[in-house]
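The residues making up each chain are set out below.
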Amino acid sequence: MNEIRSFARTEEQEHIYSLASSLASDFSTRAGHYDQNAVFPFENFQALKDAGVLDLTIPKKYGGKGAGLYDFVLLQETIAQGDGPTALSLGWHLGIMMNEGINRSWPQNIYEMVCQDIVQHKKLINSAHSERKTGSPARGGKPETVAKKHSNGGWVINGRKNFTSLAPVLDYFIISASVEGTEDVGEFLLPRELKGISIEETWNSMSMRATRSDDLVLSEVMASKEALLYIKKKKSPKPQGWLLHIPACYLGIAIAARNEAVSFADSYHPNSLPHPIREVPKVRERVAKMDVELTAARHLLYSVARLWDEEPDKREELIGELAIAKLVATNSAISIVDEAMRILGAQSLHAKHPLQRHYRDVRAGLHNPPADEITMELLAKQAFLKES
């Protein structure tokens, strides 16, 4: 069977691809179990820690590997071929550290401390911004989570966040909260060991079940004054290259589905035919259609990542292309998995068949940022933008 090729271009990228492929092969043996039981892949994350992956996107100056966006996309796409939820969960951690390494919005001492904790102690970090009433932060809702200034200079924080991916293993939570008595919204860094932090197991999704994106409950959490990372300012959106880890993940799942379908077609020989179904014109057409969509989406994704790395001074110009890459990849992934299931037929619906898991998981991409309608509005604004 002709496998989908790697986009590794350098010796270092070949190493990343080889490592990720080995991890993906291991992860694939447990993916069905984690999905069916909706349990977090603890073994996978221990393997990621042992492999030294958690500091991939931390700059070399702070002890990390200093990987670029292209490297990050390559890692994510490859790991997702073995287990999509593991890749998506890892991506939030790596992406946050990549984004902060570029924008440097945190106090310097806090950034250095977190980098050190990840490099030396394999700590994990993720943000928890979404709330049931506000929805995605991208839509502008003000958090109902509240941070109140304490007389000792610290903060008392109360609230609840949902979609907290990596919840069972996080060492640090980045949360947004409205600052009591002001119109400000602050970003706060909360170590897991703080009293009043708990996880409520609410995650019962049909997709990405093993991410365990449970609710984070904050009850009278007493945080130090250093917990405040910054006050959010209303300004034009910045390009967020790190979010390409999302489409990379879903394309990885689509590759796994495509390979499953091609392998099946190559070997399945019903007694109603004198040959395997790979010779059936409609099957060949479906395989070709998968590869057309996959090739187009991957080239777009990797070319945008390459531009991000090679032309940092022009990143502001990539806002539209970053959003397009995500839209094309996630929608293509859904289409590719659908074609794969049509090749296999009804057996792809079996509860233990990987294709039904891929089918459910890729649909989650529609609800990761940016949503398709936000991308369309962004592109329309760009198209009709008048010269000043």
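- An unreviewed UniProt entry lists the protein chain under the name Acyl-CoA dehydrogenase, from Sutcliffiella horikoshii.

1. Observations concerning the UniProt feature "domain: Acyl-CoA dehydrogenase C-terminal" (unreviewed entry) in the protein chain
1) Next: Listed under "domain: Acyl-CoA dehydrogenase C-terminal" (unreviewed entry) in the UniProt record, and renumbered for this structure, are residues 247–365.
2) Next: With 72% helix and 0% strand, the stretch residues 247–365 has end C-alpha atoms that lie 7 Å from each other.

2. Details of the pattern of salt bridges
1) Next: As enumerated under the stated definition, the model contains 23 salt bridges in all.
2) Next: When the shortest N-O distance is used, the salt bridge between D117 and K123 registers 3.8 Å.
3) Next: Of the charged contacts in the structure, one is a salt bridge between D215 and R160, with a shortest N-O distance of 2.9 Å. Here D215 is found in strand β7 (residues 214–223), whereas its partner R160 is found in strand β3 (residues 155–164), with 55 residues between them in sequence.

3. Structural notes on the domain arrangement of the protein chain
1) Next: For the protein chain, the assigned domains read domain 1 (11–123), domain 2 (127–232) and domain 3 (241–384).
2) Next: Distance between the C-alpha centres of domain 1 and domain 2: 22 Å.
3) Next: Carbon and sulfur atoms supply 72% of the area that domain 1 and domain 2 bury against each other, a total of about 1900 Å² over both sides.
4) Next: Linking domain 1 with domain 2 are three residue pairs in polar contact (both at pLDDT 80 or more), by the criterion used here.
5) Next: Elements with a contribution of two residues or more to the side of domain 1 that touches domain 2: α2 (31–37), α3 (42–50), α5 (84–103) and α6 (108–121).

4. A short note on unusual backbone geometry
1) Next: For the bond running from P369 to P370, omega is -10 degrees, close enough to zero to count as cis.
2) Next: Inspection of the secondary structure assignment puts P370 in the loop between α10 (354–362) and α11 (372–383).
3) Next: One non-glycine residue, R104, lies in the positive phi region at around 50 degrees.
4) Next: A relative accessible area of 29% means that R104 is categorised as partly exposed.
5) Next: We note that K122 has phi near 60 degrees; this positive angle belongs to a residue other than glycine.
6) Next: Mapped onto the elements of the fold, K122 is located in the loop between α6 and β1 (125–128).
7) Next: On the basis of relative accessibility, which here comes to 29%, the residue K122 falls in the partly exposed class.

5. Details of α5
1) Next: An ideal rise of 1.5 Å per residue puts 28 Å on 20 residues; α5 measures up with 28 Å between its terminal C-alpha atoms.
2) Next: Here α5 lies mainly inside the structure; 16 of its 20 residues are buried.
3) Next: Two or three places before T86, at the start of α5, stands the capping residue D83, its side-chain oxygen 3.1 Å from that residue's backbone nitrogen.
4) Next: R104, located one to two residues past α5, shows a positive phi value of around 50 degrees.

Cut-offs used in this document
- Residues numbered from 1 in each chain as written.
- Predicted model: local features only at pLDDT ≥ 70, side-chain atom pairs only at ≥ 80, totals over all residues.
- Heavy atoms only, no water.
- UniProt positions renumbered as here; feature names shortened; annotations may be inferred.
- Helix = DSSP H or I, 4+ residues; strand = E, 2+ residues; numbered from the N terminus.
- Salt bridge = Lys/Arg side-chain N within 4 Å of Asp/Glu carboxyl O.
- Domains from an automatic or database assignment.
- Buried area = accessible area lost by both parts, 1.4 Å probe.
- Polar contact = N/O pair within 3.5 Å; in protein donor to acceptor, adjacent residues only side chain to side chain.
- Buried < 20%, exposed > 50% of the residue type's maximum accessible area, 1.4 Å probe, protein only.
- Expected span 1.5 Å × (residues − 1).

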